[in-house]
Amino acid sequence: MLGLLLFSTGLLLAPGLHGGFLFDDYGSLPVLGDTGPIHSWATFWRYITSGYADPTGRPLALLSFLLDARDWPAIPFPFKRTNLLLHLLNGGLLALLLRQLGRHIQNRFAQHDSSPIDKAALLGASIWLLHPLFVSTTLYIVQREAMLPATFTLIGLLLWLHGRRAIQQGRTTAGLMEIVAGLGGCTSLATLSKANGILLPALALVIEYILLRSYESAGHPATAPANVKAMRHGIRWDDNKTYRNTMLLFAWLPTSMVAAYLLQQGWSGLIHGISSARPWTLGQRLLTEPRVLMDYLTLLWMPRPFTPGLFNDQIQASTSLWSPITTLPALCSIVALIAGSWRLRQRWPSLATGILFYFVGQSLESSTVALELYFEHRNYLPAMLLFWPLALWLCDAYVVTVKITGRSHVSRATSRLAKPALSALILLGLGLMTHARATLWGDSRDQAMLWAALNPNSPRAQTYAADIEIANNQPQQAIARLQPLLTKYPDQVQLALPLISAECQTGQIDSATIRAARLSLSTARDTGALLANWFNQTINEIGTTPCPQLTYDTIDSLLDSSLTNPYLSAIQGREQDIYHLKGHLALSRGDAQTALNDFNHALDLQVRPAIALEQAAMLGSAGHPRLGLIHLDHYDAERNQEAQPDFGMPRLHDWVLRRQQYWPREIMHLRATLQSDTTRQTSRNP
């Protein structure tokens, strides 16, 4: 049955494999070719240490991308195929985990029929596996970083449970090794995939104290034969000193460290503030997240084929308990769910476990760390036990209805047909919705248009749709889409710059659009990679576009507006991007000396060999190799001002590059090329 489930899920999701790359894919995957194709150990180590998300850099996620490509650009299909296989693997592991949890509990009672437990495990895993909400996680390539921690978390929990059972039966050494591998080794692997993998020990504690011990407190001494003598003397197996000390070290200690980190982040954010790139304060984020979590739970328990998808910028941050009005009710609901689950953990352990597992799983990304407010993929791991109580009820498994009062009453359905029919209906509905959503993910244009329709107030969604329309020579539709929203959100560069592109495609840029773009560039919180990408492309196209208003002076005025933006100057690297673009612009208009001055200034703002090499190469390619050499000389004079990389993977990456003498070799090669070109120029023009 499990094999049939996985095969069916694969077929339902298969249409989505033909979609393209999206958004953050372009931020993470191009490193596959940053320093050349990955065909040697030197390029491998440069690549695997190049991650910058989280202090760990997520090297295992980067490693997994090598299964699909070893250079860039690449095609998306292999990446999506691997994501799908990983999702199926996670579904299989979840079924095994739920089965093991059920068997663990079953052994506490005089029950020998395990078929309801096994059916519930398969059904609970099926509901999770077929849920349409996780299509966006599975088919969004970069979210392999969310899927891999789930894989290692499931493996870790399975190893821990098996080791726990071994110690319970008196096989202490074997059990201890499995617990260390599960809670120690798998936590490390999960964390190296993404930071929320560090929650594995906390999730194990939820299962330990909410589910397992609740049932064990009502169990019978007929279980665990190796411990019968101990139990006759009133000694519980979970008082085993070895197990207790192991859990202290591998479960309680990391959980306490995570809790301390979250408290420190909260204190720092409330007292000292957070990044100026965020349009909200940490206090506002903490008020908003209960609304976000309730929306997540609504999507999980009332699934729909189509959701807002990858867009979250339309989420309004809560500014008080009453603004918006849903803030306080959402907060009270979350508190009630958590408190109620704790209060009823003895009576309904499986239900309490599913709910508390969910909230602990959300604790890192939905609390005091100043991440963006909303992302669907944050539910992928936390929701894994959420549907198990429903499955237990539908399969008439006694563990969902037993009252932990010393009685082992077994609930039976009044109708033997109603619950199987309801189970089939649930799976059929989920499968149809998942297939519909996967089909949409396989068609980039339809996906963009639907997301825009579902997110009318999202600048990102409307810009994504407008980009598709511009690419399909439909500038009027793009203009009609962008203009009203830019009036509503005048600080949104992602609306203003594509609007210029759309109007340029018609042959005429309105002067009001240029003024709106200057305003947005001077007030935007952060422009991300859009600033560099749009200006670089536009500078290269000046003189070839049908609109006479797009001139060097126009672009220069836009860049000058961005230099007045206090938010951009506060973000490391953004001001450097602007002066780099001004140098590119000067070079394009033939003013090589001004370009050199701008490049030197950009380098001074943040001394890095990569930017020095890029700018020197640009000078050389434009026919000014001597100025390229002068720029490299400027870098040599300032290289002692290079900032120390951040702690973690960036520092390790810097060590790898220095160990390989990567930058000195690259600079030496570029110097030789520029010197040769200078010599040839001199010989032609003595």
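Because the structure is a prediction, the values reported are computed rather than measured.

Caption draft 1: Structural view of the pattern of salt bridges. On inspection of all chains with the given rule, the structure shows 22 salt bridges. Linking E372 and R460 is a salt bridge whose minimum nitrogen-to-oxygen distance equals 3.1 Å. One end of the pair, E372, is in the loop between α15 (349–362) and α16 (388–394); the other, R460, is in helix α19 (residues 459–471), and 88 residues separate them in sequence. Of the charged contacts in the structure, one is a salt bridge between R671 and D636, with a shortest N-O distance of 2.7 Å. Of the two residues, R671 sits in helix α31 (residues 662–684) while D636 sits in helix α29 (residues 625–638), which places them 35 residues apart along the sequence. The class for R671 is partly exposed, based on a relative accessible area of 22%.

Caption draft 2: Here's a closer look at the nonpolar core. One finds L101 and W160 to be the most contacted residues of the largest nonpolar core, which totals 80 residues. Of all the elements, helix α8 (residues 144–168) adds the most residues to this core, at 10 residues. Contact partners of W160, with chain neighbours within four places excluded, come to E178, I179, L183, A204, I207, E208, L212, Y243 and M247. A502, A524, C547 and I555 belong to the second largest nonpolar core, which has 34 residues in total.

Caption draft 3: How the structure looks around α8. Here α8 spans 36 Å end to end across 25 residues, near enough to the 36 Å set by a 1.5 Å rise per residue. The buried count for α8 comes to 22 of 25 residues, which makes it a mostly enclosed element. Within two residues after α8, G170 carries a phi angle of roughly 95 degrees, on the positive side.

Caption draft 4: Representation of the state of the cysteines in the model. Counted according to the given criterion, the structure contains 1 disulfide. In this model C504 forms its disulfide with C547; the gap between the sulfur atoms is 1.9 Å. Measuring handedness by torsion sign, the sulfur bridge of C504 and C547 sits at about -65 degrees and is left-handed. Placement of C504 in helix α21 (residues 493–506) and of C547 in the loop between α23 (530–541) and α24 (552–563) is noted, with a sequence separation of 43 residues between them. By relative accessible area, which is 6% here, C504 ends up buried. For C547, a relative accessible area of 3% translates into the label buried.

Caption draft 5: Expanded view of the packing of aromatic side chains. One pass over the full model with this rule turns up 23 aromatic pairs. Between F134 and Y380 the ring centres are 5.7 Å apart and the planes differ by 85 degrees, which places this aromatic pair in the edge-to-face class. On the criterion of sequence distance, the pair formed by F134 in the loop between α6 (115–129) and α7 (135–139) and Y380 in the loop between α15 and α16 is long-range, its members being 246 residues apart. Taken as a pair, F134 and Y380 share a single burial class, namely buried. Judged by centre distance (5.4 Å) and plane angle (75 degrees), the ring pair of Y358 and F359 falls under edge-to-face. Members of the aromatic cluster, connected to one another through ring pairs, are F23, Y140, F311, W441, W451 and Y464. Over the ring of W342 we find R345; its NZ or CZ atom is 3.8 Å from the centre of that ring.

Caption draft 6: Here's a closer look at helix α26 (residues 574–588). A rise of 1.5 Å per residue sets the reference length of α26, with its 15 residues, at 21 Å; its end C-alpha atoms lie 21 Å apart and thus fit the reference within 8%. Burial analysis of α26 places 12 of its 15 residues in the buried class, which makes it a mostly covered element. Of the positions making up α26, those classed as buried are R574, Q576, I578, Y579, H580, L581, K582, G583, H584, L585, A586 and L587. If you follow the buried residues of α26, they end up packed against α23, α24, α25 (566–569), α27 (592–605) and α28 (609–621). Downstream of α26 by one or two residues, G590 has phi in the positive range, about 90 degrees.

Caption draft 7: Seen up close, the confidence of the model for the protein. With 93% of its residues at a pLDDT of at least 70, the protein reaches an overall mean of 90. Low pLDDT, under 50, characterises residues 219–235; the stretch is placed with 20 contacts to residues that sit more than four places away or in other chains. Low pLDDT (under 50) marks residues 399–411, which in the prediction has 31 contacts with non-local residues, meaning those over four places away or in another chain.

Caption draft 8: Spatial organisation of the environment of L521. With respect to the helices, strands and loops of the structure, L521 is situated in helix α22 (residues 511–523). L521 sits in the buried class, given a relative accessible area of 0%. A C-alpha to C-alpha distance of 5.9 Å links L521 and S561, two positions 40 residues apart in sequence. Ignoring anything within four residues of it in the chain, the contact list for L521 reads V493, L531, F535, L558, S561, S562, N565 and L568.

Caption draft 9: Here's a closer look at the packing of α27 against α28. Across the interface, α27 lies against α28 with an axial gap of 10 Å and an inter-helix angle of 175 degrees. Judged by the inter-axis angle, α27 sits roughly antiparallel to α28. Together, A592, A595, L596, F599, A602 and L603 of α27 and I611, A612, Q615, M618 and L619 of α28 make up the contact between the two elements. Broken down by class, the residue content of the contact of α27 with α28 amounts to 10 nonpolar, 1 polar and no charged.

Caption draft 10: Broad picture of the side chain of T137. You can see T137 is positioned in helix α7. Those residues in contact with T137, other than ones at most four positions away along the chain, are N83, Q143, A146, M147, H377 and Y380.

Caption draft 11: Quick look at the environment of P349. Within the secondary structure, P349 sits in helix α15. Take P349: its relative accessible area is 0%, and that puts it in the buried class. Along the chain, P349 and D25 lie 324 residues apart, while their C-alpha atoms are 40 Å from each other.

Caption draft 12: Expanded view of unusual backbone geometry. Cis geometry marks the peptide bond from W72 to P73, where omega comes out at 5 degrees. Relative to the assigned elements, P73 resides in the loop between α4 (59–65) and α5 (77–106). With an omega of -5 degrees, the peptide bond between S323 and P324 qualifies as cis. With respect to the helices and strands, the residue P324 is situated in the loop between α13 (282–301) and α14 (327–343). The backbone phi angle of Q661 is positive, close to 55 degrees, even though this residue is not glycine. Examined against the element boundaries, Q661 turns out to sit in the loop between α30 (649–659) and α31. For Q661, a relative accessible area of 44% gives the class partly exposed.

How each quantity is defined
- Residues numbered from 1 in each chain as written.
- Predicted model: local features only at pLDDT ≥ 70, side-chain atom pairs only at ≥ 80, totals over all residues.
- Heavy atoms only, no water.
- Salt bridge = Lys/Arg side-chain N within 4 Å of Asp/Glu carboxyl O.
- Helix = DSSP H or I, 4+ residues; strand = E, 2+ residues; numbered from the N terminus.
- Buried < 20%, exposed > 50% of the residue type's maximum accessible area, 1.4 Å probe, protein only.
- Core = buried A, V, L, I, M, F, W, Y, C linked by side-chain atoms within 4.5 Å.
- Contact = heavy atoms within 4.5 Å.
- Expected span 1.5 Å × (residues − 1).
- Disulfide = S-S within 2.5 Å.
- Phe/Tyr/Trp six-rings, centres within 6.5 Å; stacked < 30°, edge-to-face > 60°.
- Lys NZ or Arg CZ within 6 Å of the ring centre and 35° of its normal.
- pLDDT = per-residue confidence, 0-100.
- Axes fitted to C-alpha atoms, helices over the stretch in contact; angles between N-to-C directions.
- Parallel < 35°, antiparallel > 145°, perpendicular 65-115°, else oblique.
- Nonpolar A, V, L, I, M, F, W, Y, C, P; charged D, E, K, R; others polar.

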